[in-house]
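This is what each chain is made of:
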Amino acid sequence: LILVSSVLLSRELSSSSVSMTRLRLVIIHIIAAIVSSFPHISPTTTITRRDVLTAIPITTAAMTSKTTSLNNNDDTNNDATTSSNSNNSNKPSIRWGIIGLGDVCTQKSGPAFYKCTGSTLVAVTRRTPGKAHQFADQFNTNTHTLTLNNHIKCSGYETIDALLNHPGGLDAVYISTRPGTHYEICAQVAAAGLPCYVEKPVGRCAAETTAIVQLFQTARVPLFTAYISRAYDRTQAARTLLRNGRIGDTLRRVTYKLVGNGGARDMEGDVPWRLDASQSGGGLILDVGCHIIDRIHYICGPFIHVMGEAQNRNTPHSIVEDWVHFTATIGESASWAAMKNTKGATVDCVWDFGNKDGLDVGDILTIVGSNGSMTMTGTTNLQIFDIHGTLVEEQEFPMPEHTAQPLIQAVTDDLRGVRTSDVLSDGDAAIRAQRVMDSCLGDYYGGREIGYWNRSHSWPGRTKR
């Protein structure tokens, strides 16, 4: 539009007979053409760079070939894509900033921001002085990572404010800090008008999660939440099998059991931060269990009639719970559910993090339909059984090198206006998961209002041990 406008205007101005009336008409047509690119703008509408990128394709030399984690040519993943745009190569990359550079970021998520298609990592910050600059220096001197990042260097900053004011500009921010810091950081990001991808479980309780979601609703910018197992190939394969009636057309029940810590990181020390309610919100259910709650929601639909309990059975050095159990019912069949008839199915989940009885460590999710069942064990296995319990099919799905990459690719695609995927997890999904966990933990903590972590002396569950 700018190029065409310039040509038209220069032609008129170069004409010796140009009149002011004709010049006004040319300018009016140019303005009308530009306005038509944004058909739904009102005086109160906030136009973001994302809106501009979606409305006006701009060719950029920064777009290079990268691996896409969601296998677009794999039939098992067709369920994940709801719309697409053929002009992918014409969309500018999303410039990401990262707040927090702990192991969750560097191992699970961080590399995805320069490996995903249409994504570049341009700024980082960490609370430990000097660590962000150290990360950026190592990043910029590594030829391989710099090439993957479209030869764009990453800047390290000592403060969040400095990162948000990155001179080269930011399009979105990933928050990879402990949940206890999320509200304050999210408030800064939302105030800056930037879309955000925040680590689960978002807040320490449903009330805090809701407050965080409202920050971005008020700012009218997107919030994405890091429920990464939605985007795994195994999850998408399971949805496809269920949608195709592999275990029947009606969902009967869902069960889940975990024994052990579920692969939780940073469990060293007397009180790991994941067992400090002021930082995490409670025990490992907030870090590990939230994923399975969201996955069942995503596959089967939301829960109703949730009844739960929590105890500390086998961790005397910790004041938070180490055993959680709940039952629920699947409510109205959700539009996103993989099976059409899910209403009324029962749900029964238990997490035994303390493993008081010395059972074999592991986990298993079982989905029972009207004509068979499906199990997911560990992180890679998927099995199908007929109605008599005979194994009829087994598949193995290797985990991505960076486990968050498939979801981060979907988030990046959405921000670029390239594709909208149903694997995206938003603030409402995070609130749903938190409400289930609050139903389990409410009695143990004597309530789950904002600030309950500051009154640990009054937690009923602590005194009952």
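Read on for an overview of the structure.

So, how was this worked out
- Residues numbered from 1 in each chain as written.
- Predicted model: local features only at pLDDT ≥ 70, side-chain atom pairs only at ≥ 80, totals over all residues.
- Heavy atoms only, no water.
- Pairing = 2+ DSSP bridges.
- Helix = DSSP H or I, 4+ residues; strand = E, 2+ residues; numbered from the N terminus.
- Axes fitted to C-alpha atoms, helices over the stretch in contact; angles between N-to-C directions.
- Core = buried A, V, L, I, M, F, W, Y, C linked by side-chain atoms within 4.5 Å.
- Buried < 20%, exposed > 50% of the residue type's maximum accessible area, 1.4 Å probe, protein only.
- Contact = heavy atoms within 4.5 Å.
- Phe/Tyr/Trp six-rings, centres within 6.5 Å; stacked < 30°, edge-to-face > 60°.
- Lys NZ or Arg CZ within 6 Å of the ring centre and 35° of its normal.
- 1 Å grid on protein atoms, 1.4 Å probe; cavity = no way out; pocket = protein on both sides within 12 Å on 5 of 7 lines; lining within 4 Å.
- Points joined across faces, edges and corners; volume = space filled by probe spheres on them.
- Nonpolar A, V, L, I, M, F, W, Y, C, P; charged D, E, K, R; others polar.

The next point concerns the sheet that holds strand E5 (residues 172–175). Spatial strand order, E4-E3-E2-E5-E6-E7: 6 strands in an open sheet with parallel pairing. In the strand order of this sheet, the two ends are held by strand E4 (155–157) and strand E7 (223–225), each with one partner. Mean inter-strand twist for the sheet, computed between neighbouring axes without regard to direction, equals 25 degrees. The sheet contact formed by E5 and strand E6 (residues 196–198) spans 3 bridges and is parallel. Looking at E6, one finds that Ile175 is bridged to Val198.

Let us now look at the nonpolar core. Membership of the largest hydrophobic core comes to 114 residues, with the highest contact counts inside it found for Val189, Tyr197, Phe216, Phe326, Trp351 and Ile367. Ranked by the residues each element gives to this core, the list is headed by helix H13 (residues 285–300), at 10 residues. Once you skip the residues sitting within four places of it in the chain, Phe326 turns out to touch Ile293, Phe303, Val306, Met307, Gly308, Val347, Asp348, Cys349, Trp351, Val436 and Cys440.

Below, the discussion takes up the packing of aromatic side chains. The final tally for this structure, using the stated rule, is 13 aromatic pairs. Ring geometry for Tyr114 versus Phe139: centroids 5.1 Å apart, planes at 75 degrees, classification edge-to-face. A residue pair is termed long-range when its members are at least 10 positions apart, and Tyr114 in helix H5 (residues 112–115) and Phe139 in helix H6 (residues 131–140) qualify at 25 residues. As far as burial versus exposure is concerned, Tyr114 and Phe139 are alike and both buried. What links up through ring pairs into an aromatic cluster is the set Tyr444, Tyr445, Tyr452, Trp453 and Trp459. It is Arg313 that lies over the ring of Trp323; its NZ or CZ is 3.8 Å from the centre.

This brings us to the layout of surface pockets. By volume, the largest pocket amounts to about 1,200 Å³. In terms of lining, the largest pocket is formed by 48 residues, of which the most central are Val104, Lys200, Arg265, Arg274 and Asp287. Partitioning the lining of the largest pocket into residue classes produces 17 nonpolar, 16 polar and 15 charged.

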